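Coordinate inspection notes
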Amino acid sequence: MTRMRRDPRRADDGAAAVEFALLFPIFIIVLMGTISAGTAFSKQINITQAARETSRFGATLTYNAAKGAPGGTVNDWLNKVSPVGQAAAGPPTDPIGGHDNLCVAMIDVTVPATPLLSRIQDGVIEAGKTCDDVAPIVGLGPRYVQVVVKRKANFFAVFLNKDLTLRSASTTPYEPGNAPAPTP
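As the structure is a prediction and not an experimental result, all values here were calculated from the model.

What counts, and where the lines are drawn
Residues numbered from 1 in each chain as written. Predicted model: local features only at pLDDT ≥ 70, side-chain atom pairs only at ≥ 80, totals over all residues. Heavy atoms only, no water. Helix = DSSP H or I, 4+ residues; strand = E, 2+ residues; numbered from the N terminus. Buried < 20%, exposed > 50% of the residue type's maximum accessible area, 1.4 Å probe, protein only. Contact = heavy atoms within 4.5 Å. Areas by Shrake-Rupley, 256 points an atom, 1.4 Å probe, with all protein chains shown as cover. Disulfide = S-S within 2.5 Å.

**Notes on the overall build of the protein**
Of regular secondary structure, the protein possesses 3 helices and 5 strands. The N-to-C order of helical and strand elements in the protein reads α-α-α-β-β-β-β-β. Counting over 184 residues, the protein shows a buried share of 32%. Put simply, of all contacts in the protein between residues at least 6 apart along the chain, 61% involve residues at least 24 apart. A total of about 11,400 Å² of accessible surface is found on the protein, and carbon and sulfur atoms cover 61% of it.

**Describing the state of the cysteines**
Here the structure, examined in full by the defined rule, presents 1 disulfide. Two residues, Cys 103 and Cys 131, share a disulfide whose sulfurs are 2.2 Å apart. Residues Cys 103 and Cys 131 are joined through a disulfide that is left-handed, its torsion about the S-S bond being -90°. Linking Cys 103 in strand S1 (residues 101–108) with Cys 131 in the loop between strand S3 (124–127) and strand S4 (143–157), this pair joins segments that are 28 residues apart in sequence. The exposure classification of Cys 103 matches that of Cys 131, with both residues buried.

The quantities given are spatial measurements derived from coordinates; they are silent on function.
Pasting the structure below:
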C-alpha cells in the first residue's frame, strides 16, 4: 500500500488570501471612521479656538477703541469684533477650518429691566437678541461678550454616514480697562 505524502507547505496555500479578504473590509471601515472622526475633531478644535479668541478680543476692546475715536457705539464694537472671529475661524470654504455661522453679542445687564442685547450674526446687526437666543447669565458681571461659532461636518465610515453640526460658545466678562491702546 502506497501512501501519498502531502507537502506541509501546500496545506496553507490560499489561507492568507482568504484571511485578507475577510479582514480587509473591516480594516477599511475602521480606517475611514478614524479619518472622518479626526477631521470632525479638528474642525471642533478650530471653532472652539476661534470662539475663545474672538471672545477674549471683544472683552478687552472698548467702544471707543472700536471706532478709533471717542463716541464709538455698540454697533461699531460689533463691526470691529466680528471680522476677528471670521479671520480666526477661517472662511466657510476651508475644508478643515472655517465656519458656517458666527455670532458675536454684547450683553449689558446693568439695567435688569431692559438689558442691552446686541448681536451681529452673519454680518447682520440685530438689537435685543443674544447668540442663539441664549438667556443672559446671572452673576457673570454687568457686561459680557458672547460668541457662538457653528460648522457642519460629515462623519463617514462606509455604512455609517451622519451629518453633524459642531457648535462652540465662549462667554467672557467685559473688561474695557484692559484694552490695548488704539493704534495710530
